[in-house]
Amino acid sequence: MGTFDPKLVSDSSRARRALLGTLGLAFLTAACAKAVQPPSGAITTPTGIPSRQASSTGTASIDVPTHRGPPPPRPPALVAVTTAGNLQSLDPSTGHPVATLASGATGDEVSLTPDHTQVYFETAPDCFHQILSVPLRGGAATLVAAGSHPAVSPDGTKFAYAVEPLGPGCPSGPANAATLYYVVVQPIPGGTPSVFSLPPSLVTTHQTRTVDHLSWAPDNRRLVVSIEGGADDKQWSAFVMDTTTDHYYAPESGAGVPVERGGGFYYRQAVFEPDGNLFANVACCSGGKAPTATVMAEVDLTGKTVHEISSGLTDRDHTSLAADSGGHWVLYLAGSDLVASADASAPTIVSTAGFVAADW
């Protein structure tokens with residue numbers, strides 16, 4: 001399979017190409033020889049479970065539909081990464097583990113192919129994040145890219161991932177770290193990748209934008225890029241980029257998807273649903289690390305709330321958002337608990353076994 005080659009970025013400097021080429025791709029070659037080790041260690045059990053609370057947003061009440069009958073069937077496959085780093089397949093109806101597929105998994109993003117045959121997941125063995133794929137039925141894992149946050153497109157023809165600087169204690173890079181941030185779209189099973197950098201206005205001012213999550217639109221063309229808050233916790237945003245026309249994974253000017261609620265609310269994370277709306281964690285406030293309110297909601301691309309699913313607990317983070325291809329179910333982590341909602345009904349606990357990522 002082809003992998004991201006920084007030489008494809010026409011405006012990159014020789015120093016940047018040399019750094020990423022030497023450190024990233026050389027390491028990929030060596031890492032291909034590493035086998036994925038069998039699982040070890042126990043699964044931790046979280047404390048507390050999420051519950052539906054009254055909204056503290058101060059906005060008008062929103063109609064939240066409730067089921068007047070049994071919920072729709074859950075998706076046929078569910079995968080998750082445990083807090084111990086084990087990639088597992090789970091029974092979607094019970095949340096019970098079915099099989100352990102790999103160990104050493106990390107990150108809050110894991111991605112199933114639409115035919116439910118392969119799982120793309122992230123590892124971080126040394127200074128480099130890697131993306132591997134493994135058959136859902138079990139087998140050897142294959143290294144497919146050097147990066148993080150894998151997201152397979154709805155038609156299964158490509159996957160997106162982030163490439164970002166090395167961590168502390170790793171070989172130093174250029175003085176301007178902003179030149180090392182990319183989102184890459186890689187064809188499946190192989191081919192020439194498309195590379196999206198930060199806009200020049202951010203690069204020239206040495207500003208970075210760290211990817212927190214990637215999610216494909218149902219048109220297999222657009223991506224919603226969730227951006228982390230940064231050192232000041234004020235950079236949170238959700239930016240919808242067009243992979244056929246855009247050059248950058250962050251907006252050249254202004255912000256991303258508007259936030260209807262205002263007053264300091266921001267998108268902690270957002271993913272596309274099959275109808276083109278977003279399932280989002282809308283939190284407040286961006287000036288502090290601990291949110292004072294967090295709402296799980298479906299919003300359209302103007303930021304207007306379509307359905308409010310629940311008000312989350314403020315003593316834990318809400319991450320690894322996912323929506324099923326059938327358009328009924330959403331999935332997320334409340335802390336390390338796995339939570340699901342059908343057709344915007346009140347969320348229910350799928351499992352409290354302790355997870356850092358999930359998808360179905």
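Since we're looking at a predicted model, the values are computed, not measured.

A. Fine view of the overall build of the protein chain. Helix and strand counts for the protein chain stand at two helices and 23 strands. Of all 360 residues assigned to the protein chain, the portion counted as buried reaches 51%. For the protein chain, contacts bridging at least 24 residues in sequence account for 53% of all contacts bridging at least 6. About 15,100 Å² of surface is accessible on the protein chain, with carbon and sulfur atoms providing 53% of the total.

B. Spatial organisation of the sheet that holds strand S16 (residues 278-284). One open sheet accounts for four strands, arranged S15-S16-S17-S18; its pairing is antiparallel. On the outer flanks of this sheet lie strand S15 (266-272) and strand S18 (305-311), each paired with one strand and no other. Averaged over all pairs of adjacent strands, the angle between their axes in this sheet comes to 25°, without regard to strand direction.

C. Region of interest: the packing of aromatic side chains. This structure, assessed with the given rule, holds five aromatic pairs. Ring centres of Phe-279 and Tyr-332 lie 6.0 Å apart, and the angle between their planes is 55°; this geometry places the pair in the tilted category. Of this pair, Phe-279 sits in strand S16 while Tyr-332 sits in strand S20 (residues 329-334), and the two are 53 residues apart along the sequence. Grouping aromatic residues by their ring pairs yields a cluster made of Tyr-120, Phe-159 and Tyr-161.

D. Main features of the state of the cysteines. The final tally for this structure, using the stated rule, is one disulfide. The partner cysteine of Cys-284 in its disulfide is Cys-285, sulfur to sulfur 1.9 Å.

E. The arrangement of the pairing of strand S23 (residues 355-359) in detail. Of all five residues that make up S23, four are buried, and the element is covered over most of its length. In the sheet, strand S1 (residues 78-82) pairs with S23 via four bridges, with the strands oriented antiparallel. Directly across from Thr-82, in S23, lies its bridge partner Phe-355.

F. Structural context of unusual backbone geometry. Here the residue pair Ile-188 and Pro-189 is connected by a cis peptide bond, since its omega of 10° sits within 30 degrees of zero. Within the fold, Pro-189 resides in the loop between strand S10 (182-187) and strand S11 (194-197). The omega angle of the peptide bond from Cys-284 to Cys-285 is 5°, so this bond is cis rather than trans. Its place among the elements puts Cys-285 in the loop between S16 and strand S17 (293-299). We note that His-206 has phi near 60°; this positive angle belongs to a residue other than glycine. The topology assignment puts His-206 in the loop between helix H2 (200-203) and strand S12 (211-216). In this structure, Ser-320 takes a positive phi of about 55° despite not being glycine.

G. Representation of the sheet that holds S20 in the model. Pairing within the open sheet is antiparallel, and its four strands lie in the order S19-S20-S21-S22. Only two strands of the sheet have a single partner each, and these edge strands are strand S19 (318-323) and strand S22 (348-351). Here the average twist between neighbouring strands, direction ignored, is 30°. Pairing between strand S21 (residues 337-342) and S22: three bridges, direction antiparallel. Bridging across to S22, Ala-340 finds its partner in Thr-348.

Rules behind the numbers
Residues numbered from 1 in each chain as written. Predicted model: local features only at pLDDT ≥ 70, side-chain atom pairs only at ≥ 80, totals over all residues. Heavy atoms only, no water. Helix = DSSP H or I, 4+ residues; strand = E, 2+ residues; numbered from the N terminus. Buried < 20%, exposed > 50% of the residue type's maximum accessible area, 1.4 Å probe, protein only. Contact = heavy atoms within 4.5 Å. Areas by Shrake-Rupley, 256 points an atom, 1.4 Å probe, with all protein chains shown as cover. Pairing = 2+ DSSP bridges. Axes fitted to C-alpha atoms, helices over the stretch in contact; angles between N-to-C directions. Phe/Tyr/Trp six-rings, centres within 6.5 Å; stacked < 30°, edge-to-face > 60°. Disulfide = S-S within 2.5 Å.

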